[in-house]
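A structural walkthrough
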Amino acid sequence: MARRATFLFVVHLAGLHLFAAPALSTTSTIVFSTIDRSRYAFDIFALPLAAVSPDPDAVNAELCLTDGASVNYNGHFAPSSDSLLFVSERNGTLNLYFSPVPPAAGDETSRREALELAPSAHLAPLLPWDPISLRDRPSLTPDGSHLVYVSTAVPAEAPRRSWAAVYSTHLPSGRTQRLTPSGAADFSPAVSPSGEWTAAASPGLDEWEGGVEHLRTNIYLFRTSDGSRRTLAIRDGGWPCWGDEATIFFHRQDSDGWYGVYRAVVSVTGAVVSVASVERITPPAFHAFTPAASPGAPGLVAVATRRPGSDYRHIEVIDVSGGENAYFELTRPVAPRAHHFNPFISPDGARVGYHRCRGSGNGDSPLLLENIKSPAPDTFSLFRIDGYYPSFSHHGKRIAFVGLPGLFVANSDGSGGRRQILSSNAFATAWDWKRKGVLYASVGPDFGSVSTEVDVVAVSLGDDNDSGISIKKLTVGGANNAFPSPSPDGKWVVFRSGRSGHKNMYIMDAEDGEAGGIRRLTEGPWSDTMCNWSPDGEWIAFASDRHNPGGGSFAIYMVHPNGTGLRRVVHSDGGRTTHPWFSPDSKNLVFTSDYAAVSAEPISNPFYYQPNGEIFTVSIDGSGIRRLTHNSFEDGTPSWTPFYLKPEDVGETLPASATCAFEDGHWPNIHAQRPERIMCGGAGRRG
């Protein structure tokens, strides 16, 4: 394979000055959470298309195509079918990799033995590390010279616009050009069999409306060579793939709520791209999405499905060559209790690839803290924690976090394992500045109403060698008292409460709670929440919808502890900007936001409650917003500590049941009568 490409972006960088980075605190660490990400453990697998035949031995031929390092997904076979392109999050950032495909398993090699293939430790990324960005959905032109993919390397021109765009890199020279026009976003590109055309899902120039389950994209066609002759070919569609030069399959969510796969016949005459016909090939009453096809397997389409009565996403193959479509199970007989994602078919039509969790005991060991590539790794480290609402003790030796449910404390070097402090549901942790081993948390349901029973507690852990724990409830009444943050002098705790009928902020005595004194900090018919007290004591940052109460939009505000100086720091522009936390020098904030919209079609990932949360920093004057994370998952609940943790992964030991313990989204749980006249090539498909 050619040397790594050097980015020479042929793009207009309008608006880039909006994201000039503030001076970050030296020798500090940011730690954040990502919903379920630490449980994914994805590898890419493949089964022969022969597995759709009645041959009972075919299901034993599953091969693991990736090496168990980090998380690997969204594969694509090279034109020769003997190599694999894929996305991997190894080395702390997303990049694209190329590796040979192992030979098909013979009679002497079982599916389980295939998981023990020698790791590809020598794998090198196809693209340079910088700029830090998402790289996704790779494919090669038929001659292998150009790599086509999605990247978030260049900021959008306005807030809440996706940074996702399609790029093409000429691998021999490294020259890269953007194929997506300025002001637009593109997802899920697919190169035609000839390499002349690329299809992509795009909202065009329309603004993102905050949709997650349904992005409202259309399918555009453009020249792979330069992005020219861009044409809106199919309205309301996503995840295009080519069956041949004139056939595109795609998915769409219809008014009945079901995702279905469609087939479009397209033609190009001169400068005109036209669509001759569009037909649905999957019926209602089950979800079918992320289709894959190949000229090497004419008449066959691989799809991911969620069937009524099944909790799992599986890959099926549809034979559309006859009068009635026939459905064949592929993955349920092999791994019935695992989710399978985003199928792809080899150009020679021999294999169907997909990704799933590799299972416990395979691949890399679990991580407590996963190093994420930082903008300034020598002075500012960035980590994803296997948990939620993390906070460091002020000497940096311990980390508190929650498991939803459960409150835990672990050493920041990973030694000794995690220690469970509470088994009940807890969230929003913070350590006392003065009293060693004192930890604050909210105990009760998260995402509750103003009257939900939630209270702030102080947990005293004692000295490092003392296993004793004492818990003191600081609030009374249980009216959703949450998000405690202590003052740096150790005297007070700010928190939010719904006791007035609205979520506003209050300040109480740090040791005795409300009994030692309480006063109201903010007042109004809105939600002020997620508060954090600055290390210099001057400011309290918080998230609020006070600019549009009840409208679902949250922005970042700051106020002095005496209630003066209220100002908005980050405008949300109708979106969600939440969970602020001060830098150690009190000059910057880290927060989570949908400021960059979405970076991939959410349906291609598991559990996408809000797959538009990324981690950002900003100066407290509102200038210099900087994006720190680039992925298609939900990042949130960041915290910032003066303790500098070296940018290296920190391992931990998890019970075997924890690996792969994640849900597919709740949205597919639509139950309806199964339609008649579905021809099944295999046995029942309920996982």
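Above: the structure in question.
Below or above, wherever it landed, is the structure these notes cover. Quick caveat, the model's predicted, so the values are computed rather than measured.

**What to know about the environment of Pro172**
- Mapped onto the elements of the fold, Pro172 is located in the loop between strand E9 (165-170) and strand E10 (176-178).
- Under the relative-accessibility criterion, Pro172 is labelled partly exposed at 47%.
- Sequence-wise, Pro172 and Gly144 are 28 residues apart; in three dimensions their C-alpha atoms are separated by 9.9 Å.

**Let's talk about the nonpolar core**
- With 51 residues, the main nonpolar core has Leu407, Phe483, Val494, Met505, Ile540, Met558 and Leu589 as its most contacted residues.
- Among the elements that take part in this core, strand E41 (residues 555-559) stands out by supplying 5 residues, more than any other.
- If we skip the residues at most four places from it in the chain, Met505 touches Val494, Phe495, Arg496, Arg520, Leu521, Thr522, Asp528, Cys531, Ile540, Phe542 and Val559.
- Counting residues in hydrophobic clusters, the runner-up holds 39 residues, among them Leu140, Val148, Leu179 and Phe222.

**Quick look at the sheet that holds strand E46 (residues 626-627)**
- In spatial order, the strands read E43-E44-E45-E46; together these 4 strands make up an open sheet with antiparallel pairing. Of all strands in the sheet, those with a lone pairing partner are strand E43 (577-582) and E46, marking the two edges.
- In this sheet, strand E45 (residues 614-619) lies alongside strand E44 (residues 588-593) in antiparallel orientation, the contact comprising 6 bridges. The partner of Asn588 across the bridge, within E45, is Ser619.

**Concerning the state of the cysteines**
- Taken as a whole and judged by the stated rule, the model has 1 disulfide.
- Here Cys357 engages in a disulfide with Cys660; their sulfurs sit 1.8 Å apart. Torsion about the S-S bond of the Cys357 and Cys660 cystine: about -75°, corresponding to left-handed handedness. With a gap of 303 residues between them, Cys357 in strand E24 (residues 351-357) and Cys660 in the loop between strand E48 (650-651) and strand E49 (679-680) connect regions that are remote in the sequence.
- For Cys357, a relative accessible area of 6% gives the class buried.

The rules we used
Residues numbered from 1 in each chain as written. Predicted model: local features only at pLDDT ≥ 70, side-chain atom pairs only at ≥ 80, totals over all residues. Heavy atoms only, no water. Helix = DSSP H or I, 4+ residues; strand = E, 2+ residues; numbered from the N terminus. Buried < 20%, exposed > 50% of the residue type's maximum accessible area, 1.4 Å probe, protein only. Core = buried A, V, L, I, M, F, W, Y, C linked by side-chain atoms within 4.5 Å. Contact = heavy atoms within 4.5 Å. Pairing = 2+ DSSP bridges. Disulfide = S-S within 2.5 Å.

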